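Survey of secondary and tertiary structure
As a plain string of letters, each chain reads:
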Amino acid sequence: MEGSKRTQEVADFDDLLPHVGEFGIYQKLLFLMMIPFTFAVACVYFVQIFITLVPEKHWCRIPELDHLPLEQRLQLGIPLKDDGSGYDQCSMYVANWTEVLASGVLTPDATWPKTRCQNGWEYDPQEMAYETISTELEWVCEKAALPTVAQSLFFVGAIAGGLIWGWVADRWGRIPALIGSNLIGFLGGVCTAFASSFWIFAFCRFTVGLAFDNCFTMMYILVLEYVGPKWRTFVANMSIALFFTLAACLIPWVSLWVADWRWICVVTSLPLLAFVITPYLVPESARWLVSQGKTEKAIQIMKKFEKINKTKVDPKIYTEFAAACEKTVAEEKQETYSVLDLFKTPRLRKITILLIIIWMAVSLVFDGHVRSVRTLGLDVFLTFTITSATELPADTLLTLTLDRWGRRWLACLSMLLAGVFSWATIVLPLGAYSAAMAILGRCAVNISYNIGLQYAAEVLPTVVRAQGVALIHIMGYTANFVSPFVIYLETVDRNLPFLVLGCIGVIGGLLSLFLPETMDRELPQTLRDGEEFGKNDSLFDFPCVRKTEDNVENGETFRRSVSLRASIRGETLRSSMINRRSVRSTK
């Protein structure tokens, strides 16, 4: 019994942390140090919305009519749309304007021919808060799709970055990956300010995409590693609820304050400079050090935690911990696995495919709602702020309910609501009512997104968890590649984007019901465990009203489930498939 107790106390980091402090002074400092990295990822993700804005009301510029009041210029020189809903944005009348003005004509002649804009565009000054790259380079009408293409290339960069920084993190550590991703994002953001053509702009956005979202995730991983199991749900969700929400809400107003798209690029790149102080303030991943056989360095880091947290650890604890780590590393080296192992057995294959499809749906709906603020008929800056603020109640709700109500039904209901609210946006009048539905849809998909961040890491077995999560998140980036084009469907019909988002949300929600529930359960370790995990679950199994036998007896299963869930949510989020394959090939 005594030996069992000692093993439990020092078998892994979750057993060691209570001795050095689960959420002591050092962990609280690390939690606060997440702020610049959270601001960085928010700026990287959202800034393109505000540097590519185009006022809804824009028309062909006719230099000969510049001296006339705006309404007279429009009435005389710009034809109405076919449906009569306003002035055409891409065509103008052709006339001898000198003669027209000399004759005192103030209304167009129906016989005047029409042509595409010849001398650029003018924009409604009441909507034009500042000049953007889209208005400067006139990415409107035939070129209106260029910002969408550039944003898609941003997500191509994110796919490449996920592979590159995941490999760096596995090969050289989390700190080099954190520094490198922030450095690349900073350089790409600053260089964007000097873009003078579409292809330069697109290349810069691709470069910034290399940093997304590793410029934050690596820090997120590190902090989650160093807090105790009972604090990880709080840290994981509230770091986003507080810091990410604040950053997202500030970005529109920072853009208005700076009022110059080039300087907006520079200012929003400043949080990425956090890489300069990273090696001096952020400890390397002790778990990664152990996996590389550097147990002594890991213990030195834990002793630093002990000192700052003002705790006292018996040296025997470190000795037992070192022995347990060496044993674990030796066992893991006996056999290696590939992500392909997830597809070799029928049930695990079905679960993996479901996780990929659901995460792609969640990613697309989330990103679609982020970008839809342009299409809601209200002030973009205010609407974006309100929709971003929904992160706070969504993440707070998750913090309070996720370990009480379970994953599956929360994921299902939140995605269904996101789909229903998207459809409601279509049937209500453009303006406040439709915007309210879009805001509620964003809140619902925020919940789905945060559940999805950890669901795969809970369901997939330990031996292939890192590779499986990496694959699923990369597939999510491919969905993000499509989402700008979904929103661009607004140029065809205003209702199309929300119709598509609603359908995808409902489908993703219903598919979530076919996943196994992970709450209150010890998570799968081997491929056999993964194949059998949740096999006897019924469709209408509600964890919040089910008391497991293990929970009633001693709560051990629940403790292990929460511990492993919160740990792997961060720890494996960006592990690289490439490194695992290279390790396998060298053995």
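Residues numbered from 1 in each chain as written. Predicted model: local features only at pLDDT ≥ 70, side-chain atom pairs only at ≥ 80, totals over all residues. Heavy atoms only, no water.

We now examine the pattern of salt bridges. Within this structure, the stated rule accounts for six salt bridges. One salt bridge connects Arg371 with Asp367, and the closest N-O pair in it is separated by 2.7 Å. In this pair, Arg371 and Asp367 are both assigned in helix H17 (residues 346-371), four residues apart and thus about one turn of the helix distant. Like Asp367, Arg371 is buried. (Salt bridge = Lys/Arg side-chain N within 4 Å of Asp/Glu carboxyl O. Helix = DSSP H or I, 4+ residues; strand = E, 2+ residues; numbered from the N terminus. Buried < 20%, exposed > 50% of the residue type's maximum accessible area, 1.4 Å probe, protein only.)

Within the largest apolar cluster, 132 residues are counted, with the highest numbers of intra-cluster contacts made by Met34, Phe46, Phe50, Phe212, Met219 and Met302. Sort the elements by how many residues they give to this core and helix H3 (residues 25-51) lands first, with 18 residues. The contact partners of Phe50, leaving out residues within four places of it in the chain, are Tyr130, Thr132, Ile251, Pro252, Ser255, Ile264, Val380, Phe381 and Phe384. Counting 19 residues, the second-largest nonpolar core is a separate cluster that includes Trp59, Cys60, Leu76 and Trp112. (Core = buried A, V, L, I, M, F, W, Y, C linked by side-chain atoms within 4.5 Å. Contact = heavy atoms within 4.5 Å.)

A word on the packing of helix H20 (residues 408-427) against helix H21 (residues 432-459). Packing of H20 against H21 brings their axes to within 8 Å, and their N-to-C directions diverge by 155°. In terms of their interaxial angle, H20 and H21 are classed as roughly antiparallel. In the packing of H20 onto H21, the handedness of the crossing is left-handed. For the pair H20 and H21, the contacting residues are Arg408, Leu410, Ala411, Ser414, Met415, Leu417, Ala418, Phe421, Ala424 and Thr425 in the first and Ser434, Met437, Ala438, Leu440, Gly441, Ala444, Val445, Ile447, Ser448, Ile451 and Tyr455 in the second. In the contact of H20 with H21, the residues fall into 15 nonpolar, five polar and one charged. (Axes fitted to C-alpha atoms, helices over the stretch in contact; angles between N-to-C directions. Parallel < 35°, antiparallel > 145°, perpendicular 65-115°, else oblique. Left-handed = near helix turned anticlockwise from the far one by under 90°. Nonpolar A, V, L, I, M, F, W, Y, C, P; charged D, E, K, R; others polar.)

Turning next to a nonpolar patch on the surface. A cluster of nonpolar side chains, namely Leu270, Leu273, Val276, Ile277, Tyr280 and Leu281, defines an oily patch on the protein surface of about 580 Å² accessible area. Among the secondary structure elements, Leu273 is positioned in the loop between helix H12 (261-267) and helix H13 (278-281). Since its relative accessible area comes to 33%, Leu273 is described here as partly exposed. (Patch = residues over 30% accessible without salt bridge, like charges linked within 9 Å, V, L, I, M, F, W, Y side chains within 5 Å. Areas by Shrake-Rupley, 256 points an atom, 1.4 Å probe, with all protein chains shown as cover.)

As a further point, take unusual backbone geometry. The bulk of non-glycine residues show a negative phi, and the bulk of peptide bonds are trans. Of note, the bond from Phe212 into Asp213 is cis; its omega dihedral lies within 30 degrees of zero at -15°. Note that Asp213 resides in the loop between helix H9 (198-209) and helix H10 (214-225). Backbone geometry at Cys141 places phi at a positive 55°, although glycine is not the residue there. Of note, Cys141 is situated in the loop between helix H6 (133-136) and helix H7 (146-171). Taking the relative accessible area as the measure of exposure, Cys141 reaches 16% and is therefore buried.

What follows concerns the state of the cysteines. A covalent bond between the sulfur atoms of two cysteines is what we call a disulfide. Under the criterion given, the structure shown has two disulfides. In this model Cys60 forms its disulfide with Cys117; the gap between the sulfur atoms is 1.7 Å. Here Cys60 and Cys117 share a disulfide; its torsion about the S-S bond, -70°, makes the bridge left-handed. Residue Cys60 is found in strand S1 (residues 58-60), and its partner Cys117 is found in the loop between strand S3 (114-116) and strand S4 (121-123); the two are separated by 57 residues along the sequence. A residue is classified by how much of its surface remains accessible, and Cys117, at 15% relative accessible area, is buried. With its sulfur 2.0 Å from that of its partner, Cys90 forms a disulfide with Cys141. Across the S-S bond linking Cys90 and Cys141, the dihedral sits near -100°, which makes this disulfide left-handed. Linking Cys90 in the loop between helix H4 (70-77) and strand S2 (91-93) with Cys141 in the loop between H6 and H7, this pair joins segments that are 51 residues apart in sequence. When sorted by exposure, Cys90 lands in the same class as Cys141, which is buried. The connectivity of the disulfide-linked cysteines in the chain, indexed sequentially, is 1-3, 2-4. (Disulfide = S-S within 2.5 Å.)

Per-chain confidence: the chain averages 83 in pLDDT, with 87% of residues scoring 70 or above. In the predicted structure, residues 1-7 sits below a pLDDT of 50 and forms two contacts with residues beyond four places in sequence or in another chain. In this model, residues 547-587 is a region of pLDDT below 50 whose contacts with residues beyond four sequence positions or in other chains number 103 contacts. (pLDDT = per-residue confidence, 0-100.)

Let us now look at H21. For H21, spanning 28 residues, the distance from its first C-alpha to its last is 41 Å, which sits close to the expected 40 Å at 1.5 Å a residue. Largest kink in H21: about 30°, centred on Gly452. (Expected span 1.5 Å × (residues − 1). Bend = angle between axes of the 7 residues up to and from the residue.)

Further remarks concern the packing of aromatic side chains. The full count for this structure, using the stated rule, is 31 aromatic pairs. Plain terms: the ring middles of Tyr45 and Phe46 are 4.8 Å apart, the flat faces sit at 25° to each other, and that makes the pair stacked. On the basis of relative accessible area, Tyr45 is assigned to the buried category, the value being 7%. A cation sits over an aromatic face here: Arg171 above Trp172, 5.5 Å from the ring centre. Positioned above the aromatic ring of Tyr318, the side-chain terminus of Lys303 is 5.5 Å from the ring centre. (Phe/Tyr/Trp six-rings, centres within 6.5 Å; stacked < 30°, edge-to-face > 60°. Lys NZ or Arg CZ within 6 Å of the ring centre and 35° of its normal.)

What follows deals with the environment of Tyr318. Here Tyr318 lies in helix H16 (residues 315-332). Residue class for Tyr318 comes out buried when judged on its relative accessible area of 6%. Separated by 16 residues in the primary sequence, Tyr318 and Met302 have C-alpha atoms spaced 9.1 Å apart. Discounting residues that sit within four places of it in the chain, Tyr318 has contacts with Leu16, Val20, Ile299, Met302, Lys303, Glu306 and Val313. For Tyr318, the side chain forms a polar contact with the side chain of Glu306, separated by 2.7 Å. (Polar contact = N/O pair within 3.5 Å; in protein donor to acceptor, adjacent residues only side chain to side chain.)

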